[in-house]
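Letter by letter, the chains look like this.
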Amino acid sequence: MERDNHQEGEAEGVRICDPPSESNPPADTLATSLSLLGNHMFPDPVERNDGTAVNKDESADSLPSDVTAEEESLDTEPHLNQVTKLDTEEEEETENSDCQDNVSTQLSDTGTEDAAIDNDQGDSGEFVVTMLAKAKLEEQGIGVKGRSSPLLEAGTPESPAFMSHRDEDVTADSWRQHRKHVFVLSEAGKPIYSRYGSEEALSSTMGVMMALVSFVQSGDNIIRSVYSEKHTVVFLQKGPLVLVCVSSSRQSERQLRGELLYVYYQIISMLTQASISRIFEHKKNYDLRRLLAGSEKILDGLLNLVDSDPSFLLEAVHCLPLASSLRDSLSQILQKAITPNLVFSILIARNQLLTIVQEKTVIEDTRLEPADVHLLLNLIGASSAFQAGEIWTPICLPLFNPDCYFYAYISYLDPPECTVCLLLLSTDKEAFYAVADCKRKIEEAMVAQNSLSLIAKVQSYSVSQVGVSDLRHFMYKPFDVPDNYRQLTQFTSPEMEAPYGSEEEKMRLLDLYRYMHSRIHSTSRPLKLIYHVAERETLLAWVTSKFELYTCFSPLVTKACAITAITKLLRWIKKEEDRLFIRYPPKYSTTPNPSKSSRGGKSDQQDSTDNGFLSLL
Amino acid sequence: MGENLRGGAQLQNDTLRKSLRTLKVKLVLLGSSGVGKSSLALRFSKDEFRRTSPTVGCAYLTRVVHLRNVTLRLEIWDTAGQEKYHSVTPLYYRGAQAALLVYDISKRETFIRAQVWLKELEKQYIPGSTVIWLVGNKGDLATHRQVSVEEGQSLANDRGLFFTEASALSGDQINELLLAIAHRVYECIGVQQEGLSEWKETPLVDLRNRDKSSRLASCC
Ligand SMILES: Nc1nc2c(ncn2[C@@H]2O[C@H](COP(=O)(O)OP(=O)(O)O)[C@@H](O)[C@H]2O)c(=O)[nH]1
Ligand SMILES: [Mg+2]
């Protein structure tokens, strides 16, 4: 987790606003003043206050992921001790599902106080911001209730929304009740994207956000987040773009900011960072929707995935479980179909990775970041445009290099079903025909080996295969260990089955995982292990230097049982490793030094300024 | 054009006419977004209609058309959003033997746009090297018509274009249009020396030995 780029992004944000206050984000200041709006907040310093309970026990680390059965039984003991200790030290959370509410309520009062003490700068300034916000809202007659902003006052969400709602009436209650709103605007306040409702209808709302952001910016400060009882509002500024999330999902600020960063990256993947900067340098109030027209679906799809697919939370890739012999044979097919400047060959089935082959020198240089893979998978999953013919499109992998394009060849191998998709990335924009030839080669080899029908039979796995009765679901993410150094970060997880079969229940479980994740990764008080007894299930999250694990058990499982179960689970994963993960991502060599050209070589930098590619989007 | 190019799946069935020459024709679709370019391309290539998302990048589709004494392999290029960037369109339509200028008969502004496109095209093309076809799409939306058949026809007459009203949705006039395009391209261009290049199903050999000098007709 320490190396992830999202954190880097965040750190950057912190630096921009207020260098010395890492532990005391400027948000606190602002949130304090915004509490004038009738909102509460519960910033990190509070959690630090009751720090007596902070558990820094590291014994969890002593259990390596690859231990043998004997070692494991030995290690279970200290581990159990730890859990007990956690219990006595307030970690026992026999709460119902609205535990988060309790936490926030408890914390908010002290929190406000604390922040007020910690931040003595710019009180009047923030007060003005608050007034400004109110004034604007009143002026524009958006249902202002008392002293709060309409966004913060939105009702409790009923169920997650999965559809695109471009034509929604933004004055209706239903609009406010969406679980998570996301807005993108330019620094000049021009609307660029709104998850629900058209950006036009929302321009006044966006105007308010922009007023807040710009006002605070002028005081060398940056709004990071605002909390209310029911909502969290997170701001993220990246270059000339401002991204805002209004969420009632109870996720942590950090998680929400990570999600906004994905949205930013998806925009970058279509336009590149360099061209966005250039456009806004030339014309501050440029309407970026002109370039993103037709791509709204891709952003909608991303946000739906972010809500429903834990890959984004875990910052890891989920591959389809596959007999290693089949995966190897697919990899070999890809390895043999190459052409100069081809850098990645990716085979996808039902929006999950089957295999990925990488150009040798490129991958010596750097690793392929999960976020870049997520963006590619989303692009393909979110648009049906790839189902007709062969597609050739410029695409930027923002974490690989935010300023230059790759050229993606995308084609389904099994029309008209369109479940198996081939994605070939080249650094050469003229390589369409050569890359298309690679596809024919791959197609032929797959016919010869009957690969498509073998792939069609592949299924995700059921947790019952683990053979632990109380275990309902889990997510396991191994970290880098020497033998997979520089490999794609992956995780494995079984299907969500009953009682998590329905969309609502799936989302509820994911929310519990998100909560556990935010606790484990709390910046002020990171935890190694959390045993959380919820109303309808018991969860155990555990992070070591080797892996991160989230497990969900039936409610009445005892701690001892849970620990035994985890021991069994780890053993099972070890046994199934070859099937669950892409163990040794295969490579090929297509070009003397593609890494140079694709990572910021002069000529490719110029590519990003070539309107020709923009025009395709 | 790329030299080592091989056929789409539909070509494999095409054993009957082995004795005939197969010539490659590059066909590009131009017009405002939403007029139905992708839908027309899908009709041409697979005789299907589907509601799909806006095009991402360029889509490449093929269709083989048999004429009396020649077989044409149409390589259809359909792109997204390029209407905003007239400056770069030459990249896309460079080397095209046929350009379909599409508008939506139920949206007048797309007809106006088509005329702007035409100006661009005329700047780029040597007369006689490209067959330009004005296509009024969404003929099924006759009740919402904003551009009359006469207007379309008279624009075509004035500028020396071919003209057809069609519907990607109903399939009306699609095959007629395709055949007519094939005939015209073969007549106007095919007969000229080197006007159309022969298409061969090249075996998959030595992809690494790419002919750098071959001009790729990639739209990008
Ligand atoms: N009624 C009608 N709708 C069509 C026709 N052709 C395309 N459409 C619809 O028009 C919209 C835009 O079509 P599309 O092919 O994506 O247009 P493009 O942007 O020019 O590629 C889609 O909703 C299509 O379903 C047609 O012939 N008749
Ligand atoms: Mg299209």
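Rules used throughout
- Residues numbered from 1 in each chain as written.
- Chains lettered and ligands numbered in written order.
- Predicted model: local features only at pLDDT ≥ 70, side-chain atom pairs only at ≥ 80, totals over all residues.
- Heavy atoms only, no water.
- Helix = DSSP H or I, 4+ residues; strand = E, 2+ residues; numbered from the N terminus.
- Buried < 20%, exposed > 50% of the residue type's maximum accessible area, 1.4 Å probe, protein only.
- Contact = heavy atoms within 4.5 Å.
- Arc of directions from axis to C-beta.
- Core = buried A, V, L, I, M, F, W, Y, C linked by side-chain atoms within 4.5 Å.
- Domains from an automatic or database assignment.
- Donors = N, O, S within 2.8 Å, 3.2 Å for Na, K, Ca; no water.
- Pairing = 2+ DSSP bridges.
- Axes fitted to C-alpha atoms, helices over the stretch in contact; angles between N-to-C directions.
- Buried area = accessible area lost by both parts, 1.4 Å probe.
- Salt bridge = Lys/Arg side-chain N within 4 Å of Asp/Glu carboxyl O.
- Nonpolar A, V, L, I, M, F, W, Y, C, P; charged D, E, K, R; others polar.
- Near = heavy atom within 4 Å.
- Polar contact = N/O pair within 3.5 Å; in protein donor to acceptor, adjacent residues only side chain to side chain.
- pLDDT = per-residue confidence, 0-100.
- Phe/Tyr/Trp six-rings, centres within 6.5 Å; stacked < 30°, edge-to-face > 60°.
- Expected span 1.5 Å × (residues − 1).
- Lys, Arg positive; Asp, Glu negative; His and termini not counted.

## Notes on the overall build of chain B
Moving on, step 1. Helix and strand counts for chain B stand at 6 helices and 6 strands.
Moving on, step 2. When the elements of chain B are put in sequence order from the N terminus, they spell out α-β-α-β-β-α-β-α-β-α-β-α.
Moving on, step 3. By the burial criterion, 54% of the 220 residues in chain B qualify as buried.
Moving on, step 4. Contacts in chain B between residues at least 24 apart in sequence constitute 77% of all its contacts with a sequence separation of at least 6.

## Quick word on helix α10 (residues 273-282) of chain A
Residues and elements named next belong to chain A.
Moving on, step 1. Here α10 has its buried residues at Ser275, Ile276, Ile279 and Phe280. The buried residues of α10 occupy an angular sector of 125° when the element is viewed end-on, so they sit on one face. The exposed residues of α10 that point more than 90 degrees off its buried face are Glu281 and His282.

## As for the nonpolar core
Moving on, step 1. Counting residues in hydrophobic clusters, the biggest one holds 161 residues, and the most contacted among them are Leu288(A), Phe344(A), Leu353(A), Leu425(A) and Leu134(B).
Moving on, step 2. If one sorts the elements of this core by residue count, helix α9 (residues 253-271) of chain A sits on top with 11 residues.
Moving on, step 3. Taken together, domain 1 (173-292) and domain 2 (317-457) of chain A each give at least three residues to this core, which thus spans both.
Moving on, step 4. Discounting residues that sit within four places of it in the chain, Leu288(A) has contacts with Ile192(A), Leu241(A), Leu271(A), Ile279(A) and Phe280(A).
Moving on, step 5. Counting 26 residues, the second-largest nonpolar core is a separate cluster that includes Leu540(A), Trp542(A), Ile563(A) and Leu570(A).

## Structural notes on the coordination of the magnesium ion (ligand 2)
Ideal geometry at a metal centre gives angles of 109.5 degrees when four donors are arranged tetrahedrally and 90 or 180 degrees when six donors are arranged octahedrally.
Residue and element names in this part refer to chain B.
Moving on, step 1. Ser38 (OG) and Thr55 (OG1) make up the full set of protein donors to the magnesium ion (ligand 2), lying at 2.0 to 2.1 Å. Here Ser38, found in helix α2 (residues 37-46), pairs with Thr55, found in the loop between α2 and β2 (58-66); they are 17 residues apart in sequence, far enough to count as distant.
Moving on, step 2. Given the relative accessible area of 24%, Ser38 is considered partly exposed.
Moving on, step 3. Relative accessible area serves as the criterion here: at 17%, Thr55 is assigned to the buried category.

## Some thoughts on the sheet that holds strand β4 (residues 225-227) of chain A
Residue and element names in this part refer to chain A.
Moving on, step 1. Taken together, the 5 strands give an open sheet; going across it, the order is β3-β2-β6-β5-β4, and neighbouring strands pair in antiparallel fashion. Looking at strand neighbours, the two that pair on one side only are β3 (191-194) and β4, the edges of this open sheet. Shown here is a sheet whose adjacent strand axes are inclined to one another by a mean of 10°, direction ignored.
Moving on, step 2. As paired strands, β4 and strand β5 (residues 232-238) are joined by 3 bridges and run antiparallel to one another.

## Concerning the domain arrangement of chain A
Residue and element names in this part refer to chain A.
Moving on, step 1. Along its sequence, chain A is organised into domain 1 (173-292), domain 2 (317-457) and domain 3 (463-587).
Moving on, step 2. The gap between the C-alpha centroids of domain 1 and domain 2 is 31 Å.
Moving on, step 3. Counting residues at the interface gives 10 residues for domain 1, matched by 13 residues for domain 2.
Moving on, step 4. Together, the buried faces of domain 1 and domain 2 total about 1000 Å²; carbon and sulfur atoms form 61% of this surface.
Moving on, step 5. Put simply, domain 1 and domain 2 have 0 salt bridges between them.
Moving on, step 6. Every element with two or more residues in the side of domain 1 that touches domain 2 is listed here: α9 and α10.
Moving on, step 7. At 7 residues, α9 tops the list of elements feeding residues into the side of domain 1 that touches domain 2.
Moving on, step 8. Of the residues assigned to the side of domain 1 that touches domain 2, the class counts are 6 nonpolar, 4 polar and no charged.

## Focus: the site of ligand 1
Moving on, step 1. Neighbouring ligand 1 are 17 residues; Gly34(B), Lys37(B), Ser38(B), Ser39(B) and Asp140(B) lie closest to it.
Moving on, step 2. Within the backbone of Val35(B), an N or O atom sits 3.4 Å from an oxygen atom of ligand 1.

## A closer look at the confidence of the model for chain B
All names here are of chain B.
Moving on, step 1. When pLDDT is averaged across chain B, the result is 79; 74% of the residues are at 70 or more.
Moving on, step 2. Highest mean pLDDT in chain B belongs to strand β6 (residues 162-165) (97); lowest belongs to helix α1 (residues 9-12) (42).
Moving on, step 3. The low-confidence segment residues 1-15 (pLDDT under 50) makes 51 contacts with residues lying over four places distant or belonging to another chain.
Moving on, step 4. Per-residue pLDDT stays below 50 along residues 83-89; that stretch engages in 23 contacts with residues further than four places along the chain or on separate chains.
Moving on, step 5. Both scores are given for the predicted complex: the pTM is 0.76, the ipTM 0.81.

## Some thoughts on the environment of Gly197(A)
All names here are of chain A.
Moving on, step 1. As for its position among the elements, Gly197 is in the loop between β3 and α8 (203-218).
Moving on, step 2. You can call Gly197 buried: its relative accessible area is 0%.
Moving on, step 3. Residues Gly197 and Phe280, 83 residues apart in the sequence, show an inter-C-alpha distance of 25 Å.

## A word on unusual backbone geometry
Residues and elements named next belong to chain A.
Moving on, step 1. Looking along the chain, the bond that leaves Pro415 and enters Pro416 is cis, with omega of 5°.
Moving on, step 2. For Pro416, the location among the structural elements is in the loop between β11 (406-412) and β12 (420-426).
Moving on, step 3. Along the chain, Ala498 connects to Pro499 via a cis peptide bond; the corresponding omega equals 5°.
Moving on, step 4. Its identity is not glycine, yet Arg250 carries a phi of approximately 65°, on the positive side.
Moving on, step 5. Its place among the elements puts Arg250 in the loop between β6 (241-247) and α9.
Moving on, step 6. The phi torsion at Asn351 lies on the positive side, around 65°, for a residue other than glycine.
Moving on, step 7. Within the element layout of this structure, Asn351 appears in the loop between β8 (342-349) and β9 (352-359).
Moving on, step 8. Residue classification places Asn351 among the partly exposed positions, given a relative accessible area of 31%.

## Observations concerning the pairing of strand β17 (residues 547-553) of chain A
Within a regular strand, side chains alternate between the sheet's two faces.
All names here are of chain A.
Moving on, step 1. Across the 7 residues of β17, 7 count as buried, placing the element largely inside the fold.
Moving on, step 2. Covered by surrounding structure in β17 are Phe547, Leu549, Thr551 and Phe553 together with Glu548, Tyr550 and Cys552, the residues of both alternating faces.
Moving on, step 3. Note: strand β13 (residues 471-478) against β17, 7 bridges, orientation antiparallel. Counterpart to Phe474 in the pairing with β17 is Thr551.
Moving on, step 4. Linkage of strand β16 (residues 538-543) to β17, two consecutive antiparallel strands, is achieved through a turn of 3 residues.

## Some details on the packing of aromatic side chains
The geometry of two aromatic rings is summed up by the distance between their centres and the angle between their planes.
Moving on, step 1. Evaluated as defined, the whole model comprises 21 aromatic pairs over all chains.
Moving on, step 2. Centroid distance Tyr264(A) to Tyr265(A): 6.0 Å. Interplanar angle 50°. Geometry classified as tilted. No difference in accessibility class separates Tyr264(A) from Tyr265(A), as the two residues are buried.
Moving on, step 3. Feature note: the residues Trp392(A), Tyr407(A), Tyr409(A), Phe432(A), Tyr433(A), Tyr60(B) and Trp77(B) constitute an aromatic cluster, connected by ring pairs.

## Concerning the confidence of the model for chain A
Moving on, step 1. Summarising the model, chain A shows a mean pLDDT of 72, and 63% of its residues fall at 70 or more.
Moving on, step 2. Here residues 594-617 of chain A is a poorly scored stretch, pLDDT under 50, and it has 68 contacts once near neighbours within four places are set aside; other chains count.

## Some words on the sheet that holds β8(A)
Moving on, step 1. Strand order in this open sheet of 12 strands is β18(A)-β9(A)-β8(A)-β12(A)-β11(A)-β10(A)-β2(B)-β3(B)-β1(B)-β4(B)-β5(B)-β6(B), and the pairing throughout is mixed. If you trace the sheet from one side to the other, it starts and ends with β18 (587-588) of chain A together with β6 of chain B, each paired once.
Moving on, step 2. Along the sheet, α2(B) makes contact with β1 (22-30), β2, β3 (71-79), β4 (98-104) and β5 (131-137) of chain B, crossing β2(B) at roughly 35°.

## Re helix α19 (residues 503-520) of chain A
Moving on, step 1. Over its 18 residues, α19(A) extends 25 Å from the first C-alpha to the last, a length consistent with the 26 Å expected when each residue adds 1.5 Å.
Moving on, step 2. The buried count for α19(A) comes to 15 of 18 residues, which makes it a mostly enclosed element.

## Quick look at the side chain of Asp414(A)
Residue and element names in this part refer to chain A.
Moving on, step 1. Within the secondary structure, Asp414 is located in the loop between β11 and β12.
Moving on, step 2. No salt bridge is formed by the buried Asp414; its nearest oppositely charged neighbour, Arg350, is found at 8.0 Å.
Moving on, step 3. Apart from residues no more than four positions distant in its own chain, Asp414 is found in contact with Thr419, Val420 and Leu452.

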